[in-house]
Amino acid sequence: MSEEIFKKVVSHSKEYGFVFPSSEIYDGLGAVYDYGQNGVELKNNIRQYWWRSMVQLHENIVGLDSAIFMHPKIWKASGHIDGFSDPMVDNKDSKKRYRADNLLEDQIDKYIKNGKTQKAEELQNALDNAITNNNLEALKYLIIAHEIACPVSGTRNWTDVRQFNLMYKTQMGALAEDAEDVYLRPETAQGIFVNFLNVQKTGRMKIPFGIAQTGKAFRNEVVARGFIMRMREFEQMEMQFFVRPGTEMEWFNKWKESRLQWHLALGTNPDNYRFHEHVKLAHYANAAVDIEYKFPIGFKEVEGIHSRTDFDLSQHQEFSGKKLQYFDPEINQNYVPYVIETSIGLDRMFLVQMCNAFKEEQVQNGEQTETRTLLALPPALAPIKLAVLPLVKKDGLPELARKIMADFKFEFNCHYEEKDSIGKRYRRHDALGTPLCITVDHDSLNDESVTIRHRDTMQQERVKITALKDIIMPQISMNELLRKLN
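Residues numbered from 1 in each chain as written. Predicted model: local features only at pLDDT ≥ 70, side-chain atom pairs only at ≥ 80, totals over all residues. Heavy atoms only, no water.

K.L.:
What should I look at first to understand the overall build of the chain in this one?
P.N.:
Check the secondary structure of the chain and you find 17 helices and 23 strands. In terms of overall size, the chain behaves like a compact globule, its C-alpha atoms giving a radius of gyration of 26 Å where 486 residues would be expected to give roughly 23 Å. Principal-axis analysis of the C-alpha atoms gives the chain an extent of 75 × 65 × 55 Å. Out of the 486 residues belonging to the chain, those deemed buried represent 49%. Across the chain, every contact between residues at least 6 apart in sequence was considered, and the portion connecting residues at least 24 apart equals 65%. Carbon together with sulfur atoms contributes 48% to the accessible area of the chain, which is approximately 23,800 Å² in total. Charge-centre separation for the chain: the mean point of 62 positive side chains lies 1 Å from the mean point of 68 negative side chains. (Helix = DSSP H or I, 4+ residues; strand = E, 2+ residues; numbered from the N terminus. Rg over C-alpha atoms; globule rule 2.2 N^0.38 Å. Buried < 20%, exposed > 50% of the residue type's maximum accessible area, 1.4 Å probe, protein only. Contact = heavy atoms within 4.5 Å. Areas by Shrake-Rupley, 256 points an atom, 1.4 Å probe, with all protein chains shown as cover. Lys, Arg positive; Asp, Glu negative; His and termini not counted. Charge placed at Lys NZ, Arg CZ, Asp CG, Glu CD.)

K.L.:
How should I be thinking about the sheet that holds strand S22 (residues 449-454) in this particular structure?
P.N.:
Backbone hydrogen bonds are what pair the strands of a sheet, in a parallel or an antiparallel way. Spatial strand order, S20-S19-S21-S22-S23: five strands in an open sheet with mixed pairing. With partners counted over all chains shown, the strands left at the sheet margins are strand S20 (414-416) and strand S23 (460-464), one partner each. Between one strand axis and the next, the sheet turns by 25° as a mean value, whatever way the strands run. Taken together, the three bridges between strand S19 (residues 386-390) and S20 define a ladder with parallel strand orientation. For Ala-387, the partnering residue across the bridge sits in S20 and is His-415. Packing of helix H14 (residues 422-432) onto the sheet brings it into contact with S19, S20, strand S21 (436-440), S22 and S23, and relative to S19 it is tilted by some 170°. (Pairing = 2+ DSSP bridges. Axes fitted to C-alpha atoms, helices over the stretch in contact; angles between N-to-C directions.)

K.L.:
I would appreciate a short explanation of the sheet that holds strand S6 (residues 162-165) in the present structure.
P.N.:
Taken together, three strands build an open sheet; the order of strands is S5-S4-S6 and the sheet is antiparallel. The open sheet is flanked by strand S5 (97-99) and S6, the only strands paired with a single partner. In this sheet, neighbouring strand axes are inclined to one another by 50° on average, regardless of whether the strands run parallel or antiparallel. Across three bridges, strand S4 (residues 85-90) lies against S5 in antiparallel orientation. Paired with Val-89 across the bridge in S5 is Tyr-98. Of the strands in this sheet, S4 and S5 touch helix H5 (residues 100-113), which is tilted by about 70° from S5.

K.L.:
Would you explain unusual backbone geometry in this entry?
P.N.:
Glycine aside, a negative phi is what most residues show, and trans is what most peptide bonds show. Looking along the chain, the bond that leaves Ile-207 and enters Pro-208 is cis, with omega of 5°. With phi around 65°, Asp-395 is a residue other than glycine that occupies positive phi space. Take Asp-395: it is sitting in the loop between S19 and helix H13 (397-408). Here the phi dihedral of Asp-420 falls at roughly 75°; this positive angle occurs in a residue that is not glycine.

K.L.:
Sorry if this is basic, but what is going on with the environment of Ser-307 here?
P.N.:
As for its position among the elements, Ser-307 is in strand S13 (residues 298-309). Leaving out residues up to four positions away in the same chain, Ser-307 has contacts with Glu-248, Phe-252, Tyr-284, Ala-285, Asn-286, Ala-287, Val-339 and Ile-340. At 2.5 Å, the side chain of Ser-307 and the side chain of Asn-286 are in polar contact. (Polar contact = N/O pair within 3.5 Å; in protein donor to acceptor, adjacent residues only side chain to side chain.)

K.L.:
How should the pattern of salt bridges be read in this particular structure?
P.N.:
Close approach of charged atoms allows side chains with opposite charge to pair. Overall, the coordinates contain 33 salt bridges when judged by the stated rule. Here Asp-328 makes a salt bridge to Arg-244, at a shortest N to O gap of 3.0 Å. With Asp-328 in strand S14 (residues 326-328) and Arg-244 in the loop between strand S10 (233-243) and helix H10 (248-264), this pair connects stretches of sequence that are 84 residues apart. When its relative accessible area of 2% is taken as the criterion, Asp-328 is described as buried. We note a salt bridge from Asp-430 to Arg-372, for which the minimum N-O separation is 3.1 Å. Within this pair, whereas Asp-430 is found in helix H14, its partner Arg-372 is found in strand S18 (residues 368-375), the two being separated by 58 residues in sequence. The pair Asp-430 / Arg-372 is uniform in exposure class, with both members buried. Sharing partners across several salt bridges, the network here consists of Glu-361, Glu-370, Arg-372, Arg-427, Asp-430 and Arg-453. (Salt bridge = Lys/Arg side-chain N within 4 Å of Asp/Glu carboxyl O.)

K.L.:
Can you walk me through the side chain of Arg-308 in this structure?
P.N.:
Structurally, Arg-308 is set in strand S13. At 2.7 Å, the side chain of Arg-308 forms a polar contact with the side chain of Glu-341. Beyond its immediate sequence surroundings of up to four residues, Arg-308 is in contact with Glu-187, Ala-189, Gln-190, Phe-193, Gln-240, Tyr-284, Ala-285, Val-339 and Glu-341.

K.L.:
Please explain the pairing of strand S16 (residues 338-345) as it appears in this structure.
P.N.:
Put simply, side chains in a regular strand alternate between the two faces of the sheet. Of all eight residues in S16, eight are buried, a share of seventy percent or more. Of the two faces of S16, the one carrying Tyr-338, Ile-340, Thr-342 and Ile-344 and the one carrying Val-339, Glu-341, Ser-343 and Gly-345 are both buried. When S10 meets S16, the two strands line up antiparallel, connected through eight bridges. In the strand pairing of S16, Phe-242 is matched with Val-339.

K.L.:
Sorry, what's going on with the packing of helix H2 (residues 37-56) against H10 here?
P.N.:
Two quantities define a packed helix pair, namely the angle between the axes and the distance from one axis to the other. Taken N-terminus to C-terminus, the directions of H2 and H10 make an angle of 140°; their axes are 12 Å apart at the nearest point. With respect to each other, H2 and H10 are oriented oblique. Of the two possible hands of crossing, H2 and H10 adopt the one that is right-handed. On the side of H2, the interface is formed by Ile-46, Tyr-49, Trp-50, Ser-53 and Met-54, while H10 contributes Trp-255, Arg-259 and Trp-262. Among the residues making up the contact of H2 with H10, the classes are represented as six nonpolar, one polar and one charged. (Parallel < 35°, antiparallel > 145°, perpendicular 65-115°, else oblique. Left-handed = near helix turned anticlockwise from the far one by under 90°. Nonpolar A, V, L, I, M, F, W, Y, C, P; charged D, E, K, R; others polar.)

The structure is reproduced here in structure tokens:
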């Protein structure tokens, strides 16, 4: 049933202009998607919510927009060239390639669904141990021992498990013989680290302070599935918070709680979120936790909070030969700062909102019962905040509706619509996630009042046109959402 809901969300995303398969008229490009006219608005609103909560609400966090192309030595220093890989296994019959850990995680989910909790725990422990020790032979043994078959061929004819590097490589240079290998960045964090001193000195920043950035990243995912859950081109929203060594765990715990509150402020059911502590820490970390959301297809990571120690700055200091230290006047010492990272996938957060908001309800329409498709998005994130609808397209109603819309279009994204019956227009905006509709009728010309229709309750209220701003703005303003975080 849950997987059916997920399929409906995917279908709804395309039908209503949120997400399209990229290059669809050429049969698409695997694991690459385009955001449609409503999707780009929702995506922009999520990004703005993150940016304002990070940069605008914190006096000691500033923004950055670093280049996608960076010096190739950066990726050597960060460990990506030597160690940025996933354990992959091929089925010899179907010729399909899979992530070994994902195959085993799917098997664990099957055990849980079938009530075999002890088997699930045993496999989870064995998987954690193999991942921690980077034991590829153990991963293959678990796949064979638990009789995991290829979803395509149905056979268990597997190759050995091996590591596969995820970075895209290209060349930069006018002439092929002089071209230098460069990489599409697999994360945005390194652009922050190499600009640490630039920002600190020009901004006169005092530790603790943070640098925030949003932008595209690229990973050559061999197994990309789950719609926009795992893509080859995606967008990250990351903040690196620089702290005095020895205080990192205090800040790690503060940001862990702060980031969860950011999610919950959107009104999501707290039961749909959980923390997942990392068993195997990345080479740069001394603590790591994921915030996971319960999608219709199960709990999946949405955001990571990591204590990265001084690894990144120390590595770049060594490889570049430039000192990346901070003089702390409070303790009269120079040191390489430690870093707490918060990293959230914008595309995954988009999917969280779509899955959380999608609903199908049975409603009464006269004597008939019909299904209403509703996208109950937080009003501040909705692509269209307000629809202005003249009851009919004559008798001066369109002119008055246009006048009302003109008063609001500088405040937020509005939509004017006069086609179809008012009931059909309401249903269409329910499916788009529009929180409020204003209906202009013949009485509006005389009493200077209109009807506000609320998406979630379908309740209607008659109000004066002059009172519209006072009524509407608090309901859809992102400022009200941000105040919950203070």
